[in-house]
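Per-entry structural report
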Amino acid sequence: MTVRVRFAPSPTGYLHVGGARSALFNWLFARKMGGKFLLRIEDTDQSRYNETALHDLIRDLKWLGLNWDEGPEVGGPHEPYYQSQRLDLYKRHADELIAKGSAYRCFCTSERLDALRARQEENKMPPGYDRHCRDVDPEESNRRAAAGEVHVVRLRTPMSGKTVFTDLIRGEIEYQNHVLDDLVLLKTDGFPTYHLANVVDDHDMQITHVLRGDEWIPSTPRHVLLYQAFGWTPPVFCHLPVILAPGGGKLSKRKGAASVGDFRDKGYLPHALFNFLALLGWSPGDDREKMTLQELVESFSLERIMPKSAAFDEIKLEWLNGQYLIDTPVDSLLDEVRRILELRGYAAELAAQPSMLRKHVSLLKDRSKRIDEIVDTGLYFWRDPDTYDEKAVAKYWKAETPERMRVLCAQLQTVTWDHASLEACYRALTETLGIKFADLIHPTRLAVSGLSYGPGLFELLEALDRKMVIDRIHRALERLGG
RNA sequence: GGAGCGUUCGUCUAGUGGUUAGGACGCUGCCCUCUCACGGCGGUGGCAGGGGUUCGAGUCCCCUACGCUCUACCA
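Residues numbered from 1 in each chain as written. Chains lettered and ligands numbered in written order. Predicted model: local features only at pLDDT ≥ 70, side-chain atom pairs only at ≥ 80, totals over all residues. Heavy atoms only, no water.

1. Looking at the sheet that holds strand S3 (residues 103-106)
Taking strand neighbours across the sheet as the criterion, the 3 strands line up as S3-S4-S7 in an open arrangement whose pairing is antiparallel. Edge strands, defined here as strands with exactly one partner in the open sheet, are S3 and strand S7 (184-186). Pairs of neighbouring strands in the sheet enclose a mean axial angle of 45°, with direction left out of account. (Pairing = 2+ DSSP bridges. Helix = DSSP H or I, 4+ residues; strand = E, 2+ residues; numbered from the N terminus. Axes fitted to C-alpha atoms, helices over the stretch in contact; angles between N-to-C directions.)

2. Some details on the packing of helix H17 (residues 401-412) against helix H18 (residues 419-433)
Where H17 contacts H18, the two axes come as close as 11 Å, and the packing angle between them is 140°. Judged on the interaxial angle alone, H18 and H17 are oblique. For the pair H17 and H18, the sense of crossing is right-handed. Along the contact surface, H17 presents Arg404, Val407, Leu408, Gln411 and Leu412, while H18 presents Leu422, Cys425, Tyr426, Leu429 and Leu433. Partitioned by chemical class, the residues of the contact of H17 with H18 number 8 nonpolar, 1 polar and 1 charged. (Parallel < 35°, antiparallel > 145°, perpendicular 65-115°, else oblique. Left-handed = near helix turned anticlockwise from the far one by under 90°. Contact = heavy atoms within 4.5 Å. Nonpolar A, V, L, I, M, F, W, Y, C, P; charged D, E, K, R; others polar.)

3. Regarding the protein's contact with RNA strand B
Lining the immediate environment of RNA strand B, one finds 57 residues, of which Lys187, Gly281, Met306, His442 and Gly454 sit closest. Among the atoms of RNA strand B lying within 4 Å of the protein, the sugar-phosphate backbone contributes 72%. A distance of 2.6 Å is found between a base nitrogen of RNA strand B and a backbone nitrogen or oxygen belonging to Gly454. In this structure, Leu457 approaches RNA strand B through a main-chain N or O atom, which is 3.1 Å from a base nitrogen. Every element with two or more residues in the surface near RNA strand B is listed here: helix H4 (110-122), strand S4 (152-155), strand S6 (171-176), strand S11 (310-311), helix H11 (314-327) and helix H19 (437-449). Classifying every residue of the surface near RNA strand B gives 26 nonpolar, 11 polar and 20 charged. (Near = heavy atom within 4 Å. Polar contact = N/O pair within 3.5 Å; in protein donor to acceptor, adjacent residues only side chain to side chain.)

4. Comments concerning the pattern of salt bridges
Summed over the entire model, instances satisfying the criterion amount to 41 salt bridges. Asp130 is paired through a salt bridge with Arg112; the nearest N and O atoms lie 2.7 Å apart. Highlighted residues: Asp130 in the loop between H4 and helix H5 (138-146) and Arg112 in helix H4, separated in sequence by 18 residues. Its salt-bridge partner being Lys266, residue Glu314 comes within 2.9 Å of it at the nearest N-O pair. Note that Glu314 is positioned in helix H11 and Lys266 in the loop between helix H8 (260-265) and helix H9 (270-278), a separation of 48 residues in sequence. Each of Arg6, Arg40, Glu42, Arg86, Asp201, Asp202 and Asp204 takes part in salt bridges that share partners, so that together they form one network. (Salt bridge = Lys/Arg side-chain N within 4 Å of Asp/Glu carboxyl O.)

5. Observations regarding the environment of His442
With respect to the helices and strands, His442 occurs in helix H19. Under the relative-accessibility criterion, His442 is labelled partly exposed at 22%. (Buried < 20%, exposed > 50% of the residue type's maximum accessible area, 1.4 Å probe, protein only.)

6. Digging into the nonpolar core
Counting residues in hydrophobic clusters, the biggest one holds 108 residues, and the most contacted among them are Leu28, Leu277, Phe312, Phe381 and Leu412. Sort the elements by how many residues they give to this core and helix H1 (residues 17-33) lands first, with 9 residues. Apart from residues lying up to four places away in sequence, Leu277 is in contact with Val17, Ala20, Arg21, Leu24, Phe25, Ile243 and Phe312. Counting 33 residues, the second-largest nonpolar core is a separate cluster that includes Tyr81, Leu155, Leu185 and Tyr227. (Core = buried A, V, L, I, M, F, W, Y, C linked by side-chain atoms within 4.5 Å.)

7. Here's the deal with helix H6 (residues 194-204)
Of all 11 residues making up H6, 9 are buried, and the element is well covered by its neighbours. The set of residues buried in H6 consists of Tyr194, His195, Leu196, Ala197, Asn198, Val199, Val200, Asp201 and Asp202. Elements that come into contact with the buried residues of H6 comprise strand S1 (4-7), helix H3 (87-100), S7, strand S8 (209-213) and helix H7 (220-230).

8. Considering unusual backbone geometry
Excluding glycine, a negative phi dihedral is what most residues carry, and trans is how most peptide bonds are arranged. Here the amide bond leading from Glu79 into Pro80 is cis, since omega sits at -5°, within 30 degrees of zero. Here Pro80 shows up in the loop between helix H2 (51-64) and H3. For Glu73, which is not a glycine, the phi torsion comes out positive at approximately 75°. Within the secondary structure, Glu73 sits in the loop between H2 and H3. Notably, Gln206 is not glycine yet its phi reads approximately 55°, a positive angle.

Note that every value here comes from positions in space, so none of it alone points to a role or purpose.
Pasting the structure below:
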């Protein structure tokens, strides 16, 4: 039997990194096993439906490289892949359960339910439906339903015994049936709850393995009961640990970014995030950290997923991203860097010097951790420095510096403008003046970039042109004294 | 309140009865070097606590503590 797994998000907000990781594990497993990865949209909550969310979700999954074999946009043999378009199917199955006596109509009003819950809370009773309608006579139930009385459909959960299932990474998990109440299958609006839709669809779409967040563990016994009520064989369950914020607790915008889109905007590469997420809660079993997509797929196995929730350490993500930036060809970074530069207000400069972009990226990408850092630490490629780093001035711009800079400028007028010649020029000049190489280099970098750090000086000078360099040195002489 | 899940350096993890408890990020020392970053070499730092089982326990069992999740006509 070929493996079929699915990612079944609810389009109510952005794609959270936790959700992204669930999707990613599903994807890796499908690819590893030569199976199918489906995307199914669980839009059964009309009140929370959000059109933008669906669009962003699809965009973010694609950005991460998670392509699906069946689902929205690509179709497939089990269409439609939107639960809101499968209402008849759920209704039919709910009716089937009612006919079998495995489910029943509940006519309780939300007022009664609220009051019930309040009373339970007050008396410190365990909350849960009191099964008020469980034993309504079937004929009466049919009559009231036919008369149009508002109702939900609930599962008739066994009141004794226990339900056991196996979680692939945790082993057997056991629930006493009496702690489970009669959950709602079909809501008054005719939409199914997650529980019904999920079980019906997973069966209909022949899902073999359910890989989902571990917040679903407590619902799983009810799902198993549902499979049993239908007479179906449940899939293999594998519950994934959650991702925590750095200090513990929920991941949110405040505590590090939470959505995939945030990370894209912050200048991370999709594969870096992919790789990082794959290593959160899973490891190949050896010391590898930086892994290609193919290596990830080949090494992946569900058994190696950790049961423990993991904290999202953005510092480590930055490191990984920096590693990938080194491997990424200059050309494939151009568009994104251009986008950010425009965002920073450099559209005109970009247009005036189209060839500068490549130089900028190639000199800075290997020393940056994020794409936005490439931009923000290299703005001097586009404009004269308007400030000079104070510490650097104190350290490198000494009393004798201006005179040396003037001598240097004279040389720069005529030297061949490439990094090798420039370096030779600096070497010769320091020798003549009897000073250290660094005595000329640091002030030059400061004058040209305003900073104390950056690319190798001669590569930088070559990238900027002769006139620009000389002008900036003169400018520094004026502003810093000389 | 109840139920469930979890607990190896600060963080991500390796480890399935016998290891000097290994690696990575971070921090840090040195080297490389025109700076920064990269890279190389070293250092820092951990089995939540308590009971068992065993010749021997991070590894198996129990208890406690702590954390998280669920306890909706949300997923």
